[in-house]
Amino acid sequence: MNNTQSTGLIFELSKSGRRCHRLPKCDVPNAAPIDKLIPKEHLAKVTPPLPEIGEIDLIRHFTNLSARNMSIDTNFYPLGSCTMKYNPKRHERIAGFPGFANLHPLQDDDTVQGMLEILYEMQQYLAEISGLPAVSLQPAAGAQGELTALFVAHAYFHDQGEGHRTKVLVPDSAHGTNPASAALAGFDTITIKSGANGLVDIEDLKSKLGPDTAVFMITNPNTLGLFETQIQEITELLHAQGALVYLDGANMNAILGITRPGDFGADMQHYNVHKTFTGPHGGGGPGSGPIAVRDFLAPYLSVGGVMRAGDGYRLTTEADLPKSIGRVRSFFGTIGILFRGYCYIRTLGPDGLKGVSEHAVLNANYLRALVKDTYDVPHAGPCMHEFVASARTLLRTKKVRAMDVCKRLLDYGFHAPTVYFPMVVSEALMMEPTETESKETLDAFAEALVKIAAEDPELLRTAPHTHAISRPDEVKAAKEPVLRWKS
Ligand SMILES: Cc1ncc(COP(=O)(O)O)c(C=O)c1O
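Residues numbered from 1 in each chain as written. Predicted model: local features only at pLDDT ≥ 70, side-chain atom pairs only at ≥ 80, totals over all residues. Heavy atoms only, no water.

Side note on the domain arrangement of the protein
Piece 1. According to the domain assignment, the protein contains domain 1 (3-66), domain 2 (90-346) and domain 3 (351-477).
Piece 2. Domain 1 and domain 3 are separated by 45 Å when their C-alpha centres are compared. (Domains from an automatic or database assignment.)

Put into structure tokens, the structure is as follows:
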């Protein structure tokens, strides 16, 4: 590999006069010159300093850059809670059909009937899978789904004359977006402790539940990969107080076709279509976080849902839903991801979806069994679709941290598990293999983890050793990204 081409910045490769293509002279008879078509004041006064480069060098530059990233298409990616499953290429092709990809967000409803029909059916599938009949496809990610549902709860309670319900209860193992969404929606957040078994501590819940409780947000299976077996009792407790139960549906990959949040007592939930139903994600990529709610909450949903209108379909407006919380997303939602999810659901059907969850759970338990003698797994199994191990013994005996293990995994060609989350486990390594991985991949990953635990601590503390970038300051990279080239 030519190093300049793989590591140089595109501007540094620039050589005056080089081109990827040369356009022929315009052969349109009597074509107006550019300064007749565009007013002079809008024309650039100086030529922008763009890189000048030949096509082969350009292609090598970007191809080599792309190969530096890990992705689900290149490496095993057991990032817990993120469901990094294989994204079938067929869905990419379908979502890219010109009839979908070239739609304009401002087109009239009657010119986008095919798309609206797909979205309408998607609403029905998501209602069926959750057991919650009213769906909004609008939210752009799981976190926005949470926020939208909490706005719905807020509007519902105010409409019922119960504006005194100002508290949202959230277990200490919850994803950080749960309390953040509650705060953004104007509620006070109360933390509920987990017991030693990793499940919601019912006594703590009872002690904090009261007439001012609006919503209990629960993730089931929870972020420790454990099914909250007391879920029925929990939902009954909440309902007896007149409060609502919200299910964080990020972990739906464990229960598809096996149990339904609506059946175990949830009143609202979000989906992460980009996780459960194979939308490509990562690096902050596009998401889709539809919500599903019980009938009595439907009047408060965001407008912009798809409804039947005569023989066709149209988007709901304030006139259809006078009590609506309004719009939470422009236009139709993230339809590229929704189409991929739709293809996935249609391809697999009810039995196929159930098989997905059964295999996701089987794979996680297999991996757990392979690593549990090397890494502590603080909570008793079996697990659901993921489990949380800990590097705390390595820290005590060798001063090696969970982050060091993760960085070293990169040298073995594996993406790291989720690290330091959930916060209730010290030195957490949260692993979610998903159903799309083979036994050989899981064996190889477990073998790498076991080998790493026996390696020289210094080798681990300075890992990775095979990557162009080793340990960037991740906070600085996120807060102060350098996105522009400077000479
Ligand atoms: C348990 C859980 N809840 C909520 C979210 C938020 O979802 P999103 O990233 O789509 O906003 C995540 C994301 O990782 C999650 O793992």
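Brief notes about the packing of helix α6 (residues 113-130) against helix α12 (residues 335-371)
Piece 1. Viewed as axis vectors pointing N to C, α6 and α12 meet at an angle of 50°, and their least axial separation amounts to 10 Å. Comparing the axis directions of α6 and α12 gives the class oblique. Once α6 is placed against α12, the crossing between them reads as left-handed. Contacts from Met-115, Ile-118, Leu-119, Glu-121, Met-122, Tyr-125, Leu-126 and Ile-129 in α6 reach Ile-335, Leu-338, Phe-339, Gly-341, Tyr-342, Ile-345, Arg-346 and Leu-353 in α12.
Piece 2. Split by residue class, the contact of α6 with α12 holds 13 nonpolar, one polar and two charged. (Axes fitted to C-alpha atoms, helices over the stretch in contact; angles between N-to-C directions. Helix = DSSP H or I, 4+ residues; strand = E, 2+ residues; numbered from the N terminus. Parallel < 35°, antiparallel > 145°, perpendicular 65-115°, else oblique. Left-handed = near helix turned anticlockwise from the far one by under 90°. Contact = heavy atoms within 4.5 Å. Nonpolar A, V, L, I, M, F, W, Y, C, P; charged D, E, K, R; others polar.)

Overview of the site of the ligand
Piece 1. Ser-81, Ala-141, Gly-142, Ala-143, Glu-146, His-175, Thr-177, Asp-248, Ala-250, Asn-272, His-274 and Lys-275 make up every residue found near the ligand.
Piece 2. Within the side chain of Asp-248, a nitrogen or oxygen atom sits 2.6 Å from a nitrogen atom of the ligand.
Piece 3. Surface burial for the ligand is 86%, taken as the share of its 390 Å² of free accessible area covered by protein chains.
Piece 4. Every element with two or more residues in the shell around the ligand is listed here: α7 (142-159) and α11 (273-276).
Piece 5. Grouping the amino acids of the shell around the ligand by side-chain chemistry returns three nonpolar, six polar and three charged. (Near = heavy atom within 4 Å. Polar contact = N/O pair within 3.5 Å; in protein donor to acceptor, adjacent residues only side chain to side chain. Areas by Shrake-Rupley, 256 points an atom, 1.4 Å probe, with all protein chains shown as cover.)

Observations regarding the packing of aromatic side chains
Piece 1. The tally for this structure, following the rule as stated, stands at 13 aromatic pairs.
Piece 2. These aromatic residues form a ring-pair network of at least three members: Tyr-156, Phe-157, Phe-296 and Tyr-300.
Piece 3. Over the face of the ring belonging to Tyr-120 we find Arg-308, whose NZ or CZ atom lies 5.7 Å from the ring centre. (Phe/Tyr/Trp six-rings, centres within 6.5 Å; stacked < 30°, edge-to-face > 60°. Lys NZ or Arg CZ within 6 Å of the ring centre and 35° of its normal.)

A few points about the pairing of strand β8 (residues 306-309)
Piece 1. The pairing of β8 with strand β9 (residues 312-315) spans four bridges and is classified as antiparallel. Opposite Arg-308, over in β9, you have Tyr-313 as the bridge partner. (Pairing = 2+ DSSP bridges.)

Brief notes about the environment of Leu-126
Piece 1. Relative to the helices and strands, Leu-126 resides in helix α6.
Piece 2. Setting aside chain neighbours within four positions, we find Leu-126 in contact with Val-135, Leu-137, Tyr-271, Phe-277, Pro-290 and Ile-345.

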